[in-house]
Amino acid sequence: MQNFLTYDHSIVHPGPNLNMIVGANGTGKSSIVCAICLGLAGKTAILGRGDKVGLYVKRGCNKGSVEIVLHKAKGNLVINREIHVENNQSTWLLNGKHSSQKTVEEEVKALQIQVSNLCQFLPQEKVGEFAKMTKIELLEATEKSVGPPEMYEFHCELKTFRTKERELEVIEEPYLKVLYTAEEKYSLKKSFYSGKTSTSNSAVRPSQYLTMAVDAEEKCQLEEQIRTAEKSMQAIDVQMSAMQERTAKLDHCDNELRAQKKGLSEMKGKKRQLEQKISTKQDSLRQMEQGGIDLQKAEEETKAQISAVNSQKVAIVAEFMAHMKLSMEKVYMALETVGMTAEKTKLETDCREGSAELRQACAMLEQRKARLLEMCKGLMRRAREICNMDPGESAVPPDLHTAFSQLPDTMDEIDAMLNEERSRAECFTGLSENVVDEYNRREQEIKNLEKELDEKSNALKTYRQNISEAKERWLNPLKQLVEQINDKFSDFFRSMQCAGEVDLHSENEEEYDKYGIRIRVKFRSSTQLHELTAHHQSGGERSVSTMLYLMALQELNRCPFRVVDEINQGMDPVNERRVFDIVVRTACKETTSQYFFITPKLLQNLQYADEMTVLCVHNGPHMLPPNKWDEKAFTRRCLRRKGK
């Protein structure tokens, strides 16, 4: 410590076990406690003194400093804090290097040092506040001090889960006043006087005026149009078949005419050949006459040839006549062919026009069919929504199947029933559009609330599952920890011929923010165990109870050290001696952590241990300066006095 509170310059070398710091009031014992707190990045509010860090600098100085060495197996950690009075700011060094307060806080936290926890660091001004701690605060301080690192985290997690669970379980009055189900109406009311919430339910009447129905007349018209279109398609198919048969016949006649035309062409060729032969014979006859040939013979030959020619002529004429007859037939057939071709062309034109009209009619029918299908699909979707059926569900729900089975079997009967219901609805004069709008709005609101209710129900199940898992991780280890503390605490009180116990208190097992540690003590055999409070026990009894609870935590402690400042104030000599013996026995064990016990006075003939370190504070205006203090001379004078 340099220019810190009462010290100009001082170095303290504590031991690894119990350190008893003694000295007269005002010498600076508590200054050591303040140096430990502020040097480890603690807040000034923990000490209960000045709220500004500059107030801890020695009066008349501009700055002061504290340096703390924390022992670590892998190398010591040296923290230096220099405090400036002018701006109440501090500069930090970590192992000789400049650092920030946040980094120092993280290093301290990693070593499980909690100077803000009264179960670990109890300064003089806070001793009386330990007994004022509520059971809940004491549990949290104990969890942080001696519990596993995850115990307090699990506790916080449980409290968060429970808060969310309560939010999901409670429905506020302004949020939902009326809820409808398929059969009942639930109402929620809150008393203006008592604030209590009450609910009531009543049966919902069957619907009479607001119903969903299909227009039977439009349905019949659509079905009639579909049947008419189907008949038209069948008639067109018959006409197309007849036209195809007639076209086939015309093609056959055309083929026959082509064959006859070919035969006539061949007969014309034969006629031309015969005419050429006759012309050749006539030329030969004229040549013979000019050459003086025997006329008789030639005549005879000529006659014979003429006879032959005549015979051929007759044959040719006969053949020609036959050809002429055939030509007339051919002409007639050609004329007939022309007529049939014209008729065929007309039929083909009619067929094409009919096909175009048919295609147009088919397209219109397909469009109509598509619209009808879309309309049917839309009605089917609407029906599924009304029936609350899934998209892939094909079977009708049993309740709807029962309702449908009660309807008439024929369309006429259904139409009559619909007309009757319409007439009944028209007779109802009190129905307005606002009622329908209100109904639709309420229906949508109910759907939204049902959806939100499902989501919150699922979230509630998840939170309850998380709570169950976190509770199992937290509660069982906590019960074991409290039992260990209770065993130590009870043994300490029993050794003082008193009684005390520690238990885990909870009014409701599911309210995790209400769990707490309860300390009950009695100092006289004629009384009962009473809970430790700031008013029921005397100051000395509260100090004894606090000290013994802290000692019960000592062997379970996870922190490197514990500080208790002047807790023996107000104890009677008997209890002070007993508490001192317990402190020495417990804090000097090798398995316990370092312990700082600050006291202004000590009783005579106390039992000490070799493992403890006694630090005597000699400070003040009438004390020798440190450079003039002779420890050996002081020891010799003490020995001479004892010899006398």
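Residues numbered from 1 in each chain as written. Predicted model: local features only at pLDDT ≥ 70, side-chain atom pairs only at ≥ 80, totals over all residues. Heavy atoms only, no water.

The name recorded for the protein in an unreviewed UniProt entry is Structural maintenance of chromosomes protein 5, from Oncorhynchus kisutch.

(A) Expanded view of the overall build of the protein. Scanning the protein for helices and strands turns up 14 helices and 17 strands. Scored against the burial criterion, the 644 residues of the protein give a buried share of 31%. Considering only contacts in the protein between residues 6 or more positions apart, those separated by 24 or more positions represent 65%. Put simply, the protein shows about 42400 Å² of open surface, and 52% of that area lies on carbon and sulfur atoms. (Helix = DSSP H or I, 4+ residues; strand = E, 2+ residues; numbered from the N terminus. Buried < 20%, exposed > 50% of the residue type's maximum accessible area, 1.4 Å probe, protein only. Contact = heavy atoms within 4.5 Å. Areas by Shrake-Rupley, 256 points an atom, 1.4 Å probe, with all protein chains shown as cover.)

(B) Focus on the layout of surface pockets. Approximately 1300 Å³ is the volume found for the second largest pocket. Together, 29 residues line the second largest pocket, and Cys616, Val617, His618, Asn619 and Trp629 are the ones closest to its centre. Counting residues per element, the ones that place at least two in the lining of the second largest pocket are β2 (7-9), β17 (613-616) and α14 (631-643). Here the element with the most residues in the lining of the second largest pocket is α14; it accounts for five residues. A class-by-class count of the residues in the lining of the second largest pocket yields 15 nonpolar, ten polar and four charged. (1 Å grid on protein atoms, 1.4 Å probe; cavity = no way out; pocket = protein on both sides within 12 Å on 5 of 7 lines; lining within 4 Å. Points joined across faces, edges and corners; volume = space filled by probe spheres on them. Nonpolar A, V, L, I, M, F, W, Y, C, P; charged D, E, K, R; others polar.)

(C) Structural view of empty space enclosed by the protein. One pass over the full model with this rule turns up one cavity of 30 Å³ or more. Taken as a whole, the largest cavity holds about 60 Å³ of empty space. The dominant element in the lining of the largest cavity, judged by the number of residues it contributes, is helix α13 (residues 573-587), at three residues. Along the lines of polarity and charge, the residues of the lining of the largest cavity split into eight nonpolar, one polar and one charged.

(D) Examining the UniProt feature "coiled-coil region" (unreviewed entry) in the protein more closely. According to UniProt, the "coiled-coil region" (unreviewed entry) feature falls on residues 257-291, 355-382 and 432-473. Helix makes up 100% of residues 355-382 and strand 0%. Its end C-alpha atoms lie 39 Å apart. (UniProt positions renumbered as here; feature names shortened; annotations may be inferred.)

(E) Layout of the sheet that holds strand β15 (residues 561-565). Strand order across the open sheet formed by five strands is β8-β15-β16-β3-β17, with parallel pairing between neighbours. Whereas interior strands pair on both sides, the edge strands pair on one side only; in this sheet they are β8 (121-122) and β17. In this sheet, β17 lies alongside strand β3 (residues 18-22) in parallel orientation, the contact comprising four bridges. Along β17, the bridge assignment pairs Met20 with Val614. The sheet strands contacting helix α1 (residues 29-39) are β3, β8, β15 and β16 (594-599), and the helix crosses β15 at an angle near 140 degrees. Here α13 sits on the sheet in contact with β3 and β16, set at roughly 140 degrees to β3. (Pairing = 2+ DSSP bridges. Axes fitted to C-alpha atoms, helices over the stretch in contact; angles between N-to-C directions.)

(F) Region of the structure containing the environment of Ala534. Mapped onto the fold, Ala534 is located in the loop between β14 (530-531) and α12 (539-554). Counting along the chain gives 401 residues from Ala534 to Met133, while the straight-line C-alpha distance between them is 8.6 Å. Ala534 has contacts with Ala131, Lys132 and Arg542, leaving out every residue within four places of it along the chain.

(G) Just unusual backbone geometry, in detail. A positive phi angle is found at Leu5, which is not glycine, with a value near 50 degrees. In this fold, Leu5 is placed in the loop between β1 (2-4) and β2. Not every positive phi belongs to a glycine, and Gln497 is a case in point at roughly 60 degrees. Residue position: Gln497 is located in the loop between α11 (433-495) and β12 (499-505).

(H) Molecular detail of the confidence of the model for the protein. In the predicted model, the protein carries a mean pLDDT of 78, and the fraction of residues at 70 or more is 77%. Within the protein, no element has a lower average pLDDT than strand β9 (residues 178-180), which sits at 63, and none a higher one than strand β4 (residues 63-70), at 94. This stretch, residues 171-176, has a pLDDT under 50; its non-local contacts, to residues over four places away or in other chains, come to ten contacts. (pLDDT = per-residue confidence, 0-100.)

(I) View of the pattern of salt bridges. The full count for this structure, using the stated rule, is 13 salt bridges. One salt bridge in this structure joins Lys159 and Glu140, with 2.9 Å as the shortest N-O distance. A residue pair is termed long-range when its members are at least 10 positions apart, and Lys159 in helix α6 (residues 149-169) and Glu140 in helix α5 (residues 135-146) qualify at 19 residues. Side by side, Lys159 and Glu140 carry an identical accessibility label, which is buried. Where Asp513 meets Lys514, a salt bridge forms, and the shortest distance between an N and an O atom there is 3.5 Å. For Lys514, a relative accessible area of 47% puts it in the partly exposed group. (Salt bridge = Lys/Arg side-chain N within 4 Å of Asp/Glu carboxyl O.)

(J) Molecular detail of a positive patch on the surface. A cluster of basic side chains, namely Lys632, Arg636, Arg637, Arg640 and Arg641, defines a positive patch on the protein surface. When you line up the elements, Arg641 lands in helix α14. (Patch = residues over 30% accessible without salt bridge, like charges linked within 9 Å, V, L, I, M, F, W, Y side chains within 5 Å. Lys, Arg positive; Asp, Glu negative; His and termini not counted. Charge placed at Lys NZ, Arg CZ, Asp CG, Glu CD.)

(K) A look at the pairing of β15. With respect to burial, β15 is a largely interior element, five of its five residues being buried. Neither face of β15 is open: one carries Phe561, Val563 and Asp565, the other Arg562 and Val564, and all of them are buried. By the bridge criterion, two bridges tie β8 to β15 in an arrangement that is parallel. Within the sheet, the bridge partner assigned to Leu122 lies in β15 and is Val564. Bridge analysis of β15 against β16 gives five bridges, and the strand direction is parallel. Its bridge partner being in β16, Val563 is matched across the sheet by Phe596. Taking the sense of rotation as the criterion, the β-α-β connection linking β15, α13 and β16 turns out right-handed. (Right-handed = clockwise from strand over helix to strand, strands pointing away.)

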